[in-house]
Amino acid sequence: MLTSRLKAKPERKLAKQICKVVLDHFEKQYSKELGDAWNTVRDILTSPSCWQYAVLLNRFNYPFELEKNLHLKGYHSLFQGSLPYYPQSMKCYLSRTPHRMPSERHQIGNLKQYYLLNAASLLPVLALELRDGEKVLDLCAAPGGKSLALLQCAYPGYLHCNEYDSLRLRWLRQTLESFIPQPLVNVIKVSELDGREMGDAQPETFDKVLVDAPCSNDRSWLFSSDSQKAACRISQRRNLPLLQIELLRSAIKALRPGGLLVYSTCTLSKAENQDVISEVLNSYSNIMPVDIKEMARACSHDFTFAPTGQECGLLVIPDKGKAWGPMYFAKLKKSWTT
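Per an unreviewed UniProt entry, the recorded name for the protein is NOP2/Sun RNA methyltransferase 3, and the organism is Capra hircus. Check the Sequence similarities (unreviewed entry) section of the UniProt entry for the protein; it says "Belongs to the class I-like SAM-binding methyltransferase superfamily. RsmB/NOP family."

Caption draft 1: Representation of the overall build of the protein in the model. Per the secondary structure count, the protein includes 14 helices and 13 strands. With the principal axes as the frame, the protein shows a C-alpha extent of 75 × 45 × 40 Å. Summarising the internal contacts of the protein: among those between residues at least 6 apart in sequence, 75% fall at separations of at least 24. Charge separation in the protein, taken as the distance between the mean sites of 43 positive and 34 negative side-chain charges, equals 6 Å.

Caption draft 2: Just the nonpolar core, in detail. Judged by nonpolar contacts, the single largest core of 53 residues is most densely connected at Phe79, Met90, Leu126, Ile180 and Phe303. Beyond its immediate sequence surroundings of up to four residues, methionine 90 is in contact with Leu56, Leu122, Val125, Leu126, Ala149, Gln152 and Cys153.

Caption draft 3: Local environment of the packing of helix 2 (residues 20-34) against helix 3 (residues 37-45). Running from N to C, helix 2 and helix 3 cross one another at 145°; their axes reach a closest spacing of 8 Å. Every residue of helix 3 that contacts helix 2 at Leu23, Phe26, Glu27, Tyr30, Ser31 and Leu34 is listed here: Ala37, Trp38, Val41 and Arg42. A per-class count over the contact of helix 2 with helix 3 returns 7 nonpolar, 1 polar and 2 charged.

Caption draft 4: Expanded view of the sheet that holds strand 3 (residues 92-94). The strand order 2-3-1-4 describes an open sheet built from 4 strands, whose pairing is antiparallel. Across the chains shown, the open sheet's two edge strands, defined by having one partner strand only, are strand 2 (76-77) and strand 4 (114-117). When strand 2 meets strand 3, the two strands line up antiparallel, connected through 2 bridges. Across the sheet, serine 77 pairs through a bridge with tyrosine 93, a residue of strand 3.

Caption draft 5: Representation of the pattern of salt bridges within the structure. This model, assessed by the stated rule, comprises 22 salt bridges. A salt bridge links arginine 131 to glutamate 129; the shortest N-O distance between them is 3.6 Å. With relative accessibility at 42%, the residue arginine 131 sits in the partly exposed group. For glutamate 129, a relative accessible area of 26% puts it in the partly exposed group. The residue lysine 253 makes a salt bridge to aspartate 200 at a minimum N-O spacing of 2.8 Å. One end of the pair, lysine 253, is in helix 12 (residues 240-254); the other, aspartate 200, is in helix 9 (residues 198-201), and 53 residues separate them in sequence. You can call aspartate 200 exposed: its relative accessible area is 56%. Because the salt bridges share partners, they merge into one network encompassing Glu27, Arg42 and Asp43.

Caption draft 6: Spatial organisation of the pairing of strand 4. A two-sided burial pattern is seen for strand 4, the buried positions comprising Tyr114 and Leu116 on one face and Tyr115 and Leu117 on the other. Across 4 bridges, the pairing between strand 1 (residues 54-57) and strand 4 is antiparallel. Looking across to strand 4, one finds that alanine 54 is bridged to leucine 117.

Caption draft 7: Inspection of the side chain of lysine 334 at higher detail. Here lysine 334 lies in strand 13 (residues 327-334). Judged by its relative accessible area of 5%, lysine 334 falls in the buried class. Polar contacts involving the side chain of lysine 334 include one to the main-chain carbonyl oxygen of isoleucine 252, which spans 2.7 Å. Of note is the side chain of lysine 334, whose polar atom sits 2.7 Å from the backbone oxygen of leucine 255. Once you skip the residues sitting within four places of it in the chain, lysine 334 turns out to touch Glu204, Ile252, Lys253, Leu255, Arg256, Pro257, Gly258, Gly259, Asn286 and Ile287.

Conventions adopted
Residues numbered from 1 in each chain as written. Predicted model: local features only at pLDDT ≥ 70, side-chain atom pairs only at ≥ 80, totals over all residues. Heavy atoms only, no water. UniProt positions renumbered as here; feature names shortened; annotations may be inferred. Helix = DSSP H or I, 4+ residues; strand = E, 2+ residues; numbered from the N terminus. Contact = heavy atoms within 4.5 Å. Lys, Arg positive; Asp, Glu negative; His and termini not counted. Charge placed at Lys NZ, Arg CZ, Asp CG, Glu CD. Core = buried A, V, L, I, M, F, W, Y, C linked by side-chain atoms within 4.5 Å. Buried < 20%, exposed > 50% of the residue type's maximum accessible area, 1.4 Å probe, protein only. Axes fitted to C-alpha atoms, helices over the stretch in contact; angles between N-to-C directions. Nonpolar A, V, L, I, M, F, W, Y, C, P; charged D, E, K, R; others polar. Pairing = 2+ DSSP bridges. Salt bridge = Lys/Arg side-chain N within 4 Å of Asp/Glu carboxyl O. Polar contact = N/O pair within 3.5 Å; in protein donor to acceptor, adjacent residues only side chain to side chain.

Right under this line is the structure:
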């Protein structure tokens, strides 16, 4: 009895503390933007015990035994043949209950067999419809989960992973080293450029571009340990859309005519999502929205979507038994005429 009490104590200490400054700020904004849906979203975002983790299997070191065990534990395959574009090589499993697999340790020379992630983060990757041999840019690539997912979909002719933040860049390099075999590493370039300069550095180079932009990371912000820093973040939050638009402008420059671009964030904020995309669409005559409503219909079994008022943009919101997101993504195409 005593030992169980002793064991229970550290667990209580490790429990995440909600930052009231951030929650109050979100309450004001998101109750307006999401309406009644905010109540459920808030309950899930503030209850880490409800959070779910998907298991993305690594095709370069395929875990057949693990796959069998996941089936036995009641996990099911994500997007079971429901999406128009869903490569057979991508295998991701999820459970209806908030079970978390242990993470694998990084070992030099040994490829990891699986990657834990928020299942919604695969949607922007799938929206890119990557094909073998294409030139791809992941403009804000750390920590590397989406780059890794791209490589589960197809063998690009060239994959450029860029990350401006030096600490996050180290994380990105380690992710790639942990999951990707050496021969494939040769078609991957990792750079540390300010993403706003990429368009000038590599104009009209890429067939597909992913802009997983720096944003108000709603899940992590809610658990900021320093309330002063949190207040500072909130005051600087209004500057994020400008940065996001500048990154998109650079990405558009780097995209070849006829190419596809996907923009994504992990925030619910309309200012960083729909408003950013509207600004870009209004500024360019050669950038066209791509209708992705069909994706929402095909994925409604596993995800809950909030209305965005855009045919080209979807917003995944956390829901009971589908605790994925927040994840906003929008799909654009660069036409041949300017």
